[in-house]
Amino acid sequence: MGEEKRREPRVEVKLAIRVACGTLDEFAERYALNLSRGGLFVRARDPSPAGTPVSIDIQLATGQQAIRGRGVVAWTSGPSAPGEPLRRPGMGIRFTDLAPDSAKLVDLVVATQPRAGQGSEPPGPPEEGAPAFEETVLEPPAGAAPAGESPAQPGPRGTLRPSTRAVGIDLGTTNSCVAVAEGGKARVLASRQGWSTIPSVVAYDAHGRLLVGHPARAQMVVNPRDTVYGSKRLVGRPFQSPTVQACRDRFHYDIVEGAEGEAAVRFAGRAFSLAQISAFVLAEVRQMASQALGEEVTRAVVTVPAYYNDHQRQAVREAGRLAGLTVERIVNEPTAAALAYGFGRGLSEKVLVYDLGGGTFDASVVDVQGEIYEVLSTGGDTFLGGVDFDNQLVDHVVYRFMEEQGFAPPADRGAWQRIRDAAEEAKVALSAREKALIHVPYLCRDAQGEDVELRVEVTREELEQLTARLVDRTVEVCTQTLAAKGIGPGDLDQVLLVGGQSRMPLVWKRMRELTGKEPSRAVHPDEAVALGAALLADTAARIDSVVLIDVLAMGIGVGLPGGRMAQVLPRNTRLPARKSYELATVRDGQTELELAVFQGDSAQASECEYLGTVKLGDLPARPRGQVRVAVEFTMGQEGILSVSARDLASGKVEQARLATRDTPEVLRAKLQMPQAPSPARGAAAPPPQGAPQRRGFFGRLFGKRP
Ligand code: ADP
Ligand code: MG
């Protein structure tokens, strides 16, 4: 949105808010402070002047209507002056006209909630940190239906004219975001409710309705088995993969084996491929973009983690197709972030992209020379992210609760999810403030039947102590990623912090210590990846193209007897790359050869991802060792692997097939592999002993979230 947009006082502004509540009871309890018979209080970055008419539309996360009607701005409150306690600006809105159900709801809140304002004026601002309605959109997005029309639901398919533009989509593990670029400038396309990202969560509710994004996330507590989150970790992986097995331990929904040995999910009584799950998210994002643009979006550039292999990239293309999108190009997330930073600026810089999201950490060094973006080195940890920070905080507050109460919170998933949500909210607040209150009212009852609440104040310093080891681990990965290519921290020109968890001030501080430079404020941590993808989508249509040069994010190797793995293409090999591997027959008259192919950096095949088996038939029958074959591995620019084989005696080229249908049991038997899953990747060898405990104790027991 333009920064200096002036509003004409008499033009009605639209206040569309989605609150993070699943039920009206929860709504009443949570927002009582902000409601009175006469009106409500809303936090707003840029309050409209008194007298401005407002249309009010407050919905629960499920889309259920809470308050709908009209009002007028009664007064505004400014931000706090320096030295005063922190207070964000807001406005009191006096109701002028409420829908009948909304009026009933307000009456109910005022009658049952002691904290609700009793007067006929809007209530004053609540203390900072207490829940408040947060203004999201004050104007309908360009091209959307005019205010007054039914908001949430889109028109039937095909009512919009097809767009000629391709959008950029960050299909994130935790959150997804969509952007569009025009003339070298990119912007995020927000939902009608004003969200600039949506949770990558898909669910079926009790009525069999498909929910995607915020509504799906909001009902997760009550419906954990039919709510799919974190699916990006499972996409394109064999069911037996170490990562999938680790997710099965952590996630609440059923992860099953698909027809071809791939991971799939089962919920609401049906099995879905992971491409289908991603397609639900992509379809939602596509609809969000279509609404915002007022055109039917059909083309996109989609980002994936740098370490995504061939199968995973193919699955994302398939998901796009199912969602009605042509995926024009797949681009790596760090490259997209670097593009958002460097595009059109004529830079000559070595940039470290530090991406700490909800569940994963990625570090990449990108060399930016004008519009040439070359990834020099990449590394990360696929099981280190925001959720680990939440877990540490949950452990902390639960211990404090137990110290005070003498008993543990009930072993009930809903109660624990409320603690987790409150802890995450406090963690986020502590990025901006020094103190936050973790408050879960009516958590349980004590032996006397009295309501017991959880109320723990945490300081930023405490949070930093609890999570310092997690941040240290990210720094260690950065150091290794730099060292892998002989780059010293001082050689970097810039550090880009992306991913929601990178907003933590401690991350900032540690990265400044590592590099001796202030990290860049030029990119938005939640939006950079989508913006970069959008820029790429836009430039692809024009001549002044961008050149992207990538490296292999995880080594490619072949399985050896005894479960060892021989690297063929090591990590950080510049793409495209080609390398051959020789093998010979081991029995007399042997006419077939097989070679299992893995991706990963461990010397143990069981710790790597199985890609498939190269099978060669029709070899000449000769004494053992006399038939020698060179298998050539070619990794294309987009990370797509192809394999061919040549009989070294005859020079005949065999068509090698990379079969992925071998069941893992068969494979394991062939290689006599032990079963020892380990999800670490890249510079991150399996965590050494004494490495930070990634999952908090309590978080591990109950907190199954990516
Ligand atoms: P992903 O790339 O996995 O989709 P995101 O980049 O959206 O994830 O990051 C989500 C994570 O960021 C969550 O764990 C969330 O709690 C955390 N987060 C979001 N905002 C903040 C903040 N201001 N301070 C600290 N953590 C934050
Ligand atoms: Mg991300």
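Residues numbered from 1 in each chain as written. Chains lettered and ligands numbered in written order. Predicted model: local features only at pLDDT ≥ 70, side-chain atom pairs only at ≥ 80, totals over all residues. Heavy atoms only, no water.

Overview of the site of ligand 1
Surrounding ligand 1, one finds 15 residues, the nearest of these being Thr174, Asn175, Glu424, Lys427 and Ser431. The separation between an oxygen atom of ligand 1 and a polar main-chain atom of threonine 173 is 3.3 Å. In this structure, glutamine 501 approaches ligand 1 through a main-chain N or O atom, which is 3.1 Å from an oxygen atom. Among the elements that make up the shell around ligand 1, the one with the highest residue count is helix α9 (residues 413-429) (3 residues). Counted by class, the shell around ligand 1 contains 1 nonpolar, 11 polar and 3 charged residues. (Near = heavy atom within 4 Å. Polar contact = N/O pair within 3.5 Å; in protein donor to acceptor, adjacent residues only side chain to side chain. Helix = DSSP H or I, 4+ residues; strand = E, 2+ residues; numbered from the N terminus. Nonpolar A, V, L, I, M, F, W, Y, C, P; charged D, E, K, R; others polar.)

Observations concerning the sheet that holds strand β2 (residues 39-43)
Read across the open sheet, the 6 strands follow the order β1-β3-β4-β5-β2-β6; overall the sheet is mixed. Every other strand in the sheet has two partners, leaving β1 (13-19) and β6 (133-134) as the edge strands with one partner each. As paired elements, strand β3 (residues 53-60) and strand β4 (residues 65-77) share 7 bridges and run antiparallel to each other. Considered in β4, the bridge of glutamine 59 is made with glutamine 65. Helix α2 (residues 100-112) contacts β4 and β5 (90-98) of the sheet and is inclined by roughly 70 degrees relative to β4. (Pairing = 2+ DSSP bridges. Contact = heavy atoms within 4.5 Å. Axes fitted to C-alpha atoms, helices over the stretch in contact; angles between N-to-C directions.)

Here's the deal with the pattern of salt bridges
Under the defined criterion, the tally for this structure stands at 34 salt bridges. The shortest N-O distance in the salt bridge between aspartate 205 and arginine 209 comes to 2.8 Å. Exposure remark for arginine 209: the relative accessible area of 49% places this residue in the partly exposed category. Note that glutamate 374 is salt-bridged to arginine 574, the shortest N-O span being 3.3 Å. With a gap of 200 residues between them, glutamate 374 in strand β21 (residues 372-381) and arginine 574 in the loop between β27 (565-569) and β28 (577-584) connect regions that are remote in the sequence. Exposure remark for glutamate 374: the relative accessible area of 16% places this residue in the buried category. Using a relative accessible area of 46% as the deciding quantity, one classes arginine 574 as partly exposed. (Salt bridge = Lys/Arg side-chain N within 4 Å of Asp/Glu carboxyl O. Buried < 20%, exposed > 50% of the residue type's maximum accessible area, 1.4 Å probe, protein only.)

Considering the nonpolar core
The biggest cluster of nonpolar side chains holds 59 residues, and the ones touching the most others in it are Val167, Ile169, Ile255, Val265 and Ile277. By residue number, the principal contributor to this core is helix α5 (residues 274-293), which donates 12 residues. Not counting residues up to four positions away in its chain, the partners in contact with isoleucine 255 are Leu234, Phe239, Val244, Cys247, Arg248, Ala263, Ala264 and Val265. Counting 48 residues, the second-largest nonpolar core is a separate cluster that includes Leu352, Ala429, Leu430 and Val452. (Core = buried A, V, L, I, M, F, W, Y, C linked by side-chain atoms within 4.5 Å.)

A word on the packing of helix α7 (residues 333-342) against helix α12 (residues 528-540)
At a minimum axis distance of 7 Å, the contact between α7 and α12 shows a crossing angle of 80 degrees. As the angle between them shows, α7 and α12 are arranged roughly perpendicular. Contact residues: α7 offers Glu333, Ala336, Ala337, Leu339 and Ala340, while α12 offers Ala528, Val529, Leu531, Gly532, Ala533, Leu535 and Leu536. Across the contact of α7 with α12, the residue classes tally to 10 nonpolar, 1 polar and 1 charged. (Parallel < 35°, antiparallel > 145°, perpendicular 65-115°, else oblique.)

Quick notes on the packing of helix α8 (residues 386-405) against helix α10 (residues 460-483)
It is at 9 Å that the axes of α8 and α10 come closest, and there the two elements cross at 140 degrees. With respect to α10, the axis of α8 lies oblique. Relative to α10, the crossing made by α8 is right-handed. Across the interface between the two elements, Asp388, Phe389, Gln392, Leu393, His396 and Arg400 from α8 touch Glu462, Leu463, Leu466, Thr467, Leu470 and Val471 from α10. A per-class count over the contact of α8 with α10 returns 6 nonpolar, 3 polar and 3 charged. (Left-handed = near helix turned anticlockwise from the far one by under 90°.)

Considering the side chain of arginine 473
Mapped onto the fold, arginine 473 is located in helix α10. Taking the relative accessible area as the measure of exposure, arginine 473 reaches 3% and is therefore buried. At 3.0 Å, the side chain of arginine 473 and the side chain of glutamate 476 are in polar contact.

A few points about the sheet that holds strand β24 (residues 494-498)
Strand order in the open sheet formed by 5 strands is β24-β19-β20-β21-β25, and the pairing between neighbours is mixed. Since the sheet does not close on itself, it has two edges, and those belong to β24 and β25 (547-549), each with one partner. Within the sheet, the average angular offset between the axes of one strand and its neighbour, ignoring direction, is 25 degrees. In the sheet, strand β19 (residues 348-356) pairs with β24 via 5 bridges, with the strands oriented parallel. Considered in β24, the bridge of valine 353 is made with leucine 496. Sitting on the sheet, α7 is in contact with β19, β20 (361-369), β21, β24 and β25, with an inclination near 130 degrees to β19.

Quick look at helix α6 (residues 310-322)
Here α6 contains 13 residues, and its C-alpha end-to-end distance of 18 Å stays within 8% of the 18 Å for a straight helix at 1.5 Å per residue. Asp310, Gln312, Arg313, Ala315, Val316, Ala319 and Gly320 are the residues of α6 that are buried. Here the buried face of α6 lies against α5, β17 (299-304), β18 (326-332) and β32 (641-647). Among the residues trailing α6, glycine 324 stands out with phi positive, at a value near 80 degrees. (Expected span 1.5 Å × (residues − 1).)

Points about unusual backbone geometry
A cis geometry characterises the amide bond from leucine 575 onward to proline 576, with omega recorded as -5 degrees. In the Ramachandran plot, alanine 268 falls in the positive-phi region, its phi being about 50 degrees despite a non-glycine side chain. Following the sequence through the fold, alanine 268 ends up in the loop between β15 (263-267) and β16 (270-273). A relative accessible area of 38% places alanine 268 in the partly exposed class.

What about helix α1 (residues 24-31)?
Among all positions of α1, only Phe27, Ala28 and Tyr31 are buried. End-on, the buried residues of α1 take up no more than an arc of 100 degrees, which puts them together on one face. Contact partners of the buried residues in α1: β1, β3, β4, α2 and β6. (Arc of directions from axis to C-beta.)

Here we look at the side chain of threonine 515
Mapping threonine 515 onto the fold places it in helix α11 (residues 505-515). Judged by relative accessible area, which is 8%, threonine 515 ranks as buried.

Things to note about the confidence of the model for the protein
With 86% of its residues at a pLDDT of at least 70, the protein reaches an overall mean of 83. Below a pLDDT of 50 lies the segment residues 137-158, which in the model reaches 42 contacts outside its immediate sequence neighbourhood of four places, other chains included. When the criterion is pLDDT under 50, residues 660-664 qualifies, and its contacts beyond four places in sequence or with other chains add up to 12 contacts. (pLDDT = per-residue confidence, 0-100.)

Let's talk about the packing of aromatic side chains
Tallied over the entire structure, the rule returns 15 aromatic pairs. Ring centres 5.9 Å apart and planes at 35 degrees place the aromatic pair phenylalanine 27 and phenylalanine 133 in the tilted group. Of this pair, phenylalanine 27 sits in helix α1 while phenylalanine 133 sits in strand β6, and the two are 106 residues apart along the sequence. On the basis of relative accessible area, phenylalanine 27 is assigned to the buried category, the value being 0%. Relative to phenylalanine 267, the ring of tyrosine 204 lies with its centre 5.5 Å away and its plane at 50 degrees, an arrangement referred to as tilted. (Phe/Tyr/Trp six-rings, centres within 6.5 Å; stacked < 30°, edge-to-face > 60°.)

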